[in-house]
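Fold and contact review
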Amino acid sequence: MGVRGSAVESVVTGMDKAFWQGKKVFLTGHTGFKGAWLCRLLLHLGADVTGYALAPALEQKLFALAGVDGRVRSCFADIRDFDALQAAFRAAQPEIVLHLAAQPIVRESYRAPRYTFETNVMGTVNLLECIRTSDCVRSFLNVTTDKVYKNNEWVWGYREDEPLDGFDPYSNSKSCSELVTHSYKDSFFADGRVAISTARAGNVLGGGDFSPDRIIPDCVRAAMQGQPVRIRNPHSTRPYQHVLDPLYAYLMIAQAQCEDGRYAGYYNVGPDERDCVTTGALAALFCEAWGEGMRCEVGEAGGPHEANFLKLDCSRLKAVFGWHSRWGIGTTIEKTVEWTKTWRAGGDVPGCMDRQIEEFLGEDA
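Cut-offs and rules
The residue count restarts for each chain, going from 1 along the sequence in the order it is written. Where totals are concerned, whole chains, interfaces and linings use all residues; where local detail is concerned, this predicted model gives features only for residues with pLDDT of at least 70, and gives and counts side-chain atom pairs only at 80 or more. The basis for every side-chain value is the complete set of non-hydrogen atoms in the structure, without hydrogens or water. Strand pairing is defined by DSSP finding a minimum of two bridges between the two strands. Numbered from the N terminus, helices here are DSSP runs of H or I no shorter than four residues, and strands are runs of E no shorter than two. Axes, fitted as lines to C-alpha atoms, cover a helix only where it is in contact. Angles between the N-to-C directions of the axes lie from 0 to 180 degrees. Between rings of Phe, Tyr and Trp, where Trp is taken as its six-membered ring, a pair exists when centres lie within 6.5 Å; planes separated by under 30 degrees are stacked, by over 60 edge-to-face, and by other angles tilted. The rule is simple: take the accessible area with a 1.4 Å probe, protein chains only, and divide by the maximum for that residue type; under 20% is buried, over 50% is exposed, in between is partly exposed. Put simply, a charge is over a ring when the Lys NZ or the Arg CZ is close to the ring centre, within 6 Å, and near the line of the ring normal, within 35 degrees. For salt bridges, the criterion is a side-chain nitrogen of Lys or Arg within 4 Å of an Asp or Glu carboxyl oxygen.

This next bit is on the sheet that holds strand 4 (residues 96-99). On the basis of which strands lie adjacent, the open sheet formed by seven strands has the order 3-2-1-4-5-6-10 and parallel pairing. A single partner strand is all that each edge strand has here, and the edge strands are strand 3 (73-76) and strand 10 (266-269). Averaged over all pairs of adjacent strands, the angle between strand axes in this sheet comes to 15°, irrespective of strand direction. In terms of strand pairing, strand 1 (residues 24-28) meets strand 4 through four bridges, oriented parallel.

Per the counting criterion, the structure on display carries 14 aromatic pairs. Judged by centre distance (5.3 Å) and plane angle (65°), the ring pair of Phe-26 and Phe-89 falls under edge-to-face. With Phe-26 in strand 1 and Phe-89 in helix 3 (residues 82-92), this residue pair connects regions lying 63 residues apart in the sequence. Accessibility classification places Phe-26 together with Phe-89 in one group, the buried group. An angle of 65° between the planes, with centres 6.2 Å apart, marks the rings of Phe-210 and Trp-339 as edge-to-face. Of this pair, Phe-210 sits in the loop between strand 7 (203-205) and helix 7 (215-225) while Trp-339 sits in helix 11 (residues 329-344), and the two are 129 residues apart along the sequence. As far as burial versus exposure is concerned, Phe-210 and Trp-339 are alike and both buried. Members of the aromatic cluster, joined through ring pairs, are Phe-26, Tyr-52 and Phe-89. The ring of Phe-360 carries the charged tip of Arg-326 above its face, separated from the ring centre by 5.1 Å.

Quick look at the pattern of salt bridges now. For the coordinates displayed, the defined rule picks out 19 salt bridges. The partner of Arg-262 in a salt bridge is Asp-260, and the shortest N-O contact between them spans 3.0 Å. Of the residues examined, Arg-262 reaches a relative accessible area of 45% and is grouped as partly exposed. Taking the shortest distance from any N to any O, the salt bridge between Lys-318 and Asp-272 comes out at 3.3 Å. You can see Lys-318 sitting in helix 10 (residues 315-321) and its partner Asp-272 sitting in the loop between strand 10 and strand 11 (276-278), a full 46 residues away along the chain.

Right, let's talk about the sheet that holds strand 11 for a bit. On the basis of which strands lie adjacent, the open sheet formed by three strands has the order 7-9-11 and mixed pairing. Whereas interior strands pair on both sides, the edge strands pair on one side only; in this sheet they are strand 7 and strand 11. Taking each pair of neighbouring strands and ignoring which way they run, the sheet shows an average axis angle of 50°. In this sheet, strand 9 (residues 237-242) lies alongside strand 7 in parallel orientation, the contact comprising three bridges. Across the sheet, residue Asn-203 finds its bridge partner in strand 9, namely Tyr-240.

This is the structure we're talking about:
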C-alpha cells in the first residue's frame, strides 16, 4: 500500500527559530539518543518541553549527560500505558506533538517481537487517541524510519509512494505505525483541525549514542577499550546523517504544517546520495578521525536478516522545503569524535552540544 503526499507550490525556506519560543511541545521518547538531542535543541530554541518515555536505560546515558534532565518536564512511563500517557498529555496541553518513542533495534525485534509491535504500533494508537480527544494540538509529527518500505535492494532511493512492508518485526511495526497514522488522519482529522505528517529518516549518527548493535557506538566502545572494531556486515549500504539534520527537518515540518495545513504529508528525511556509504567505509572514516592507532576488522556476519542496501529519495522534502543535508559524512564523523573525546576527558558535554547546535543553526544565516 502506498501513501499520498499533499501538493504545495510555495517553498518554505528553513525553520523560523522565533516560532518555537514558548511553544508547548509534547515529545515522546525524549530519553533516547534522538530525543535527548531534540530536547537540547528545543531548549536552545526556547520551547516549553514535556517529555514522555521510559526511565533512561544504561545505553541512554546521553539524557543525563546532555544536561536536560530538570529543564524539561519528564514523565517516566510506558507508551503502552494509555492512562499514564493521557494524564501526562492532559497536564501538558501541548500545541505540537513529536512522536519518537519506539523499540528501535532490528535485532532486538527478533528477540522480542510482541513487545516491539505493542510499543511501536499501539504506542502510536495511544498517542493519537490522546490527540483525538483533545482540542489543544495543532501539529503532530510521527517519526518512523527508512525501513518502512518493502526493500527490493534497489540501487535507487525509495519515494514516499512506494509500498510499505518492512521485513523484520521492527521495520514492519514502523510500517504499521505509518498506516495507523494515515488511518487516524483520514478518519478523524480530515477537517484539518490537526495537521499530521510522518517523517521517514535514515540512520543517524552523533555524539552520545551508546546503543547496542549500531556501528558507531560499536566503534566508540572499541576505541575506549583500545581494541579494533569488528564489523559484522561491511558491505551493507545505509544512508547516514548527523542527528541534527533530521531533527532540524522534523521541526521545520512541524512548524510549516502548524502554520499552513497544506504542508502536512509524508516525507523522507535522508542524506545526500554521497553520504550513503557501506558499513566498512563508515568504520574506516571513524578510525581515521579518532586516530590513536584505531583500526577495524571484519567479523562473522551471523544474526538474523538485515537489509544489504537501502536509501531514500528525498526529492519531495527538497522541493517543498528547499531542504538540504548540511553536514556530510566526514563532518558528521568529526563531530561525533569531538563529542566523544569531550566526554572521555570529563569535559563540558552540554557546552559541546550547544556549540555544535549553534554551528549547525548558524548555517541559516
